[in-house]
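A structural walkthrough
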Amino acid sequence: MVLHFFQSITLILALCWLQSVNTRFWRGRSVPAQVTSGLLFGATAIVNMLDPIWLAPGVFIDARLAVLGMACVFGGPLAGCLAVSMAVAYRLELGGAGAVPGAAGMLITALLGFAYRHALSRHWVRGGAPQMLGFGFLIHLLALFLLLVLSGLAPVSVLILSMTLMLPVVTLMLALLLQDLQQRSQANSALEESEARMRAITHAIPDLLLVLDEDGRYLDIVSPVQHRHLLYDDAARLQGRRMHDVLPTAKADRLLAFVRQSLLSRTPEAIEYTLDIGATHRTFEGRAQALDINLDGRKAVVMVARDITAHKAAEAEIMQLAFFDPLTGLPNRRRLIDRLTQMQARSAQDGTFSALLCIDLDDFKKINDLRGSAAGDQMLQQVACRLESFTRETHSVARMGGDKFAVLLSGLSTVREQAHSAASLVAGQLLEALRAPYQLGPNVQFSSGSIGIVLFNETFSANELLQQADLAMYAAKDAGKNTWYFFVPAFQEAVNSRLRLEEEIRQGLLRGEFHVHYQPQFDERGHLAGAEALVRWQHPEHGLMIPGHFIGAAEQAGLLQQLDHWVLVEACHQLAAWSGHPVMGSVPVSVNISAVQLHQGDFSTQVMGVLAETGAPANLLMLELTESVLVRDMALAIAHMEALRVHGVRFALDDFGTGYSSLSYLQQLPLDELKIDQSFVRSLPADTGSLVIIRAITALAESFGFDVIAEGVETDAQHTLLASNGCRYFQGYLFAQPMPAQALTTLATTLPRNERHAAASGIRRR
Ligand code: C2E
Ligand code: MG
Ligand code: MG
């Protein structure tokens, strides 16, 4: 019996080996694998039956149930059915009293085997050794029962021992061997799948994959062939060699340090390095992760090296575009601000003064207009070259935009005065360089520059410094150009107060702080002949302000148009309000018009709109223009004037004699009146030159058919002299100051009756 036990085990081992060969042979092909497997199990069961333990004639026992049971559990349905069919057929063929119980036992074993397989796949039962032993015990117990019942055999000890002890153990051994075989096969498949996935991944990533040991030895080059041109040497030659045998020492040192750092770190480490591969200089970004296991007994890392050469080139190009001026190649404003910020930090640390010089070319716009923008570009390039010759390690030059450049002088001195003179020296040299002639194509051009300088060693922001240098540069321009100015806080204060004023004007307009005063105008007989509307600002702090204090700021803030429009509306309302008044009802009102207003395309429509809205009589509205207003776009001015004149609006030329007085203007413009500027009046009677001009103006006005009015008449002497020289109308403090509308109404009604009557019956010139 013991011999039979070992025979069965030998057979089982042989079966397992064959089954293992079979599985490998038919890898991935389930049907042939199951068929062959069924044949193997069936054959083994039959071989088992060839040398059984005989219990009685026709009755024997063997290990077939163990083999068939396992065929059904591990071989699958096809293999199980085939094996059982073969074994059953053979047993029936052998015949004898045990044939039927034997065949029935095999069929029951097959059913139980399939049931157990199903239960295993659903995880209803476990596939451990006790369970397998239990399964073996169960099938053999059932077979024993059948044998005893169907063949009427006496329950001998050999039968009971074999069926309940030996054969269940044989079943367990077979089960364990087959299970191990199955697990190994599954592990192999998983490994193969994982390898296939890894292969696909390494092919898909455009990087080099290297496995390096702790001495920088190339253990493996996992990268696919198409990326191997990025390797420093042929992959086969690299394999097994150390980085120090292949790469330049400095590079190898750095990379080895990186590998060792990666081995110490738990997270992936990164490095950027360059290598000369063939004739090309390439930049790589390396990332390394330590392996969890040792390779050949040494620690190792996997390193992914990505070629970022193109990326770096693009980055450099972006940097060039972002930080350099394309025309001159000089650093641009942004770059200068970076540099300035660095210098500030250094200056603040070591206490040395640095200087920012803001350079603007004088009259560059004119040169550009005159010679064309190509020549302008050429000139800017030459300026850049000249300035660049001042670039040192501590000095830098930048183009801020347009014709504006900047020079930074760092670390001048810890003593302010010395830094001041060092910066002045450079400024002088820069101006001299800028004054040298420029060759623009066939032409030689002379030019100059104005420089604003700010010294710094404290923490002003870069933008503040640029602003201060700018202010100093504008001061240099104001001082006649071709010179330099250092920034002083007064420049900033002037700007601040102008900005404050602008804001106050804005607020003042919203809060209704502006008013219109009217200054009366008289004819030679002292009759009221008109009134000029003059804007006033009732400032909450400074009291009543005259236009000289805020018109300029309003213009710079872009508010003049709004202010002028408001004055026009206000004056028209007043005209309409006076319309029923016995005196004021026929007094024309003059309103000053600024350039921004007149150059609006719809100016005449706007005025007509205001007249219609307010109900003011158009023939009592006189608009005052200055010559400077006309210079900009004479044709447009004339068009507006003509359009308004049709409706009765009249025009005066204010401050006449101070501007670009030209006879052609007077001929073309549809004017009604010339206002002699107060500068001529003021110098009377002493200045005979002014008197000559006044005479010429009155004669000219006479010939063109214009009225003449003198402004700023303050003395009787002036009045008499003007009257005797052909001037018929007068405006000035001699008669009255500008006053509120109500005051003027009162004044008008207090005039002597005959004069008032004269005024009411058509005082107006023309
Ligand atoms: P303007 O149009 O030549 O106005 C005459 C200026 O001379 C007024 O100054 C007036 O007060 C002043 N004036 C009159 N008589 C005398 C005098 O006898 N002696 C002296 N020294 N000055 C006299 P104001 O009101 O300060 O206006 C100054 C300038 O502001 C005006 O010169 C005009 O160009 C401008 N302006 C006034 N109101 C407006 C306005 O609503 N819009 C615009 N765009 N400009 C205005
Ligand atoms: Mg005026
Ligand atoms: Mg004037």
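Here's a quick rundown of the structure. Each chain has its residues counted from 1, following the order in which its sequence is written. Written order decides the labels, with chains lettered from A and ligands numbered from 1. The predicted nature of this model means local features are confined to residues of pLDDT at least 70 and side-chain atom pairs, given and counted, to a pLDDT of 80 or more, with totals for whole chains, interfaces and linings taken over all residues. Just so you know, side-chain values use all the structure's heavy atoms and leave hydrogens and water out.

So, about the pairing of strand E22 (residues 707–710). Burial classification: accessible surface area is computed with a 1.4 Å probe over protein chains only, and a residue below 20% of its type maximum counts as buried, one above 50% as exposed, and the rest as partly exposed. Secondary structure elements follow DSSP: runs of H or I no shorter than four residues count as helices, runs of E no shorter than two count as strands, and numbering proceeds from the N terminus. Where burial is concerned, the two faces of E22 agree: the one with Asp707 and Ile709 and the one with Val708 and Ala710 are both buried. By the bridge criterion, four bridges tie strand E21 (residues 673–676) to E22 in an arrangement that is parallel. What sits directly across from Lys675, in E22, is Ile709. Following DSSP output, two strands are said to pair if at least two bridges run between them. Taken together, the two bridges between E22 and strand E23 (residues 729–730) define a ladder with parallel strand orientation. Each residue of the ladder has a partner; that of Ile709, found in E23, is Tyr729.

Turning next to a nonpolar patch on the surface. For patch detection, residues must exceed 30% relative accessible area and be free of salt bridges, and they are connected within 9 Å for like charges or within 5 Å for nonpolar side chains (Val, Leu, Ile, Met, Phe, Trp, Tyr). Only the protein chains shown count as covering a residue, and every accessible area follows the Shrake-Rupley method with a 1.4 Å probe. Criterion for a salt bridge: a side-chain nitrogen of Lys or Arg within 4 Å of a carboxyl oxygen of Asp or Glu. Where nonpolar side chains cluster on the molecular surface, the patch consists of Val31, Val35, Leu39 and Leu78 and spans about 310 Å² of accessible area. If you tally residues by element for the nonpolar patch, the top one is helix H2 (residues 30–50), at three residues. As for its placement among the helices and strands, Val35 is situated in helix H2.

Coordination of the magnesium ion (ligand 3) by the protein is provided by Asp654 (OD), Asp655 (OD), Glu711 (OE) and Glu711 (OE), with metal-donor distances spanning 2.0 to 2.6 Å. Ordering the donors of the magnesium ion (ligand 3) by residue number gives the pattern D-D-x55-E. The rule for donors is simple: an N, O or S atom within 2.8 Å of the metal counts, and for Na, K and Ca the reach is 3.2 Å. Water is not among the atoms, so a site may look short of donors. Between the magnesium ion (ligand 3) and the magnesium ion (ligand 2), a separation of 4.1 Å is found, and both are coordinated by Asp654. For Asp654, a relative accessible area of 6% puts it in the buried group. Judged by relative accessible area, Asp655 falls into the partly exposed class, the value being 26%.

Okay, helix H12 (residues 333–350) next. With 18 residues, H12 ought to run about 26 Å at 1.5 Å a step, and its terminal C-alpha atoms sit 25 Å apart, in line with that. Along H12, the residues classified as buried are Leu336, Leu340, Met343, Gln344 and Ser347. Here the buried residues of H12 occupy an arc of 115° about the axis, which is enough to place them on one side. For H12, the exposed residues lying more than 90 degrees away from the buried face are Arg334 and Gln349. Buried residues along H12 sit against strand E8 (353–361), strand E9 (395–401), strand E10 (404–413), strand E13 (449–456) and helix H16 (462–478). Identification of polar contacts relies on pairs of N or O atoms within 3.5 Å, with a donor-acceptor requirement for protein atoms, meaning one able to donate a hydrogen and the other able to accept it, and with residues adjacent in sequence counted only if both atoms are side-chain atoms. Where H12 begins, the capping side chain belongs to Asn332, and its oxygen is found 3.2 Å from the backbone nitrogen of Arg334. Positive backbone phi, at 75°, marks Gly351, one or two positions downstream of H12. Multiplying 1.5 Å by the helix residue count minus one yields the expected span of that helix. An arc is given here, and it is the one of the directions from the helix axis to the C-beta atoms. Contacts: residue pairs with any heavy atoms within 4.5 Å of one another.

Time to look at the coordination of the magnesium ion (ligand 2). Summarising the metal site, the magnesium ion (ligand 2) is bound by the protein donors Glu532 (OE), Asn592 (OD1), Glu624 (OE) and Asp654 (OD), whose distances to it range over 2.0 to 2.2 Å. For the magnesium ion (ligand 2), the single-chain donor residues occur in sequence as E-x59-N-x31-E-x29-D.

The subject of this paragraph is the pattern of salt bridges. Evaluated as defined, the whole model comprises 27 salt bridges. In this structure, Glu315 engages Lys312 in a salt bridge whose closest nitrogen and oxygen atoms are separated by 3.5 Å. In this pair, Glu315 and Lys312 are both assigned in helix H11 (residues 309–323), three residues apart and thus about one turn of the helix distant. Salt-bridge contacts for Arg511 lead to Glu513; the nearest nitrogen and oxygen are separated by 3.1 Å. Look at Glu513 and you get buried, because its relative accessible area is 10%. Overlapping salt bridges bring together Asp213, Asp215, Arg217, Arg260 and Arg298 as one network.

Across the sheet, which stays open at both edges, the five strands sit in the order E9-E10-E8-E13-E14 with mixed pairing between neighbours. Two strands close off the open sheet at either side, each with one partner strand: E9 and strand E14 (484–486). Each neighbouring strand pair of the sheet contributes to a mean axis angle of 20°, computed without reference to strand direction. Of the pairings in the sheet, the one linking E9 to E10 comprises six bridges and is antiparallel in character. Along E10, the bridge assignment pairs Gly401 with Lys404. Fitted lines through C-alpha atoms give the axes, limited to the stretch in contact for helices. The angle between two N-to-C directions lies from 0 to 180 degrees. Against the sheet, H16 engages E8, E9, E10, E13 and E14, with an angle of about 140° to E13.

With 82 residues, the main nonpolar core has Ile505, Tyr518, Leu621 and Leu623 as its most contacted residues. For this core, the element with the highest residue contribution is helix H19 (residues 560–578), accounting for nine residues. Residues belong to one nonpolar core when they are buried, are Ala, Val, Leu, Ile, Met, Phe, Trp, Tyr or Cys, and are joined through side-chain atoms within 4.5 Å. Counting residues in each nonpolar core, the second largest holds 50 residues, with Met70, Ala83, Met132 and Leu167 among its members.

Turning our attention to the environment of Arg27. Residue position: Arg27 is located in the loop between helix H1 (2–25) and H2. Judged by relative accessible area, Arg27 falls into the partly exposed class, the value being 37%. The spacing of Arg27 and Ser189 is 162 residues in sequence and 9.3 Å in space, taken between C-alpha atoms. Excluding residues within four positions of it along the chain, Arg27 makes contact with Ser189 and Glu192.

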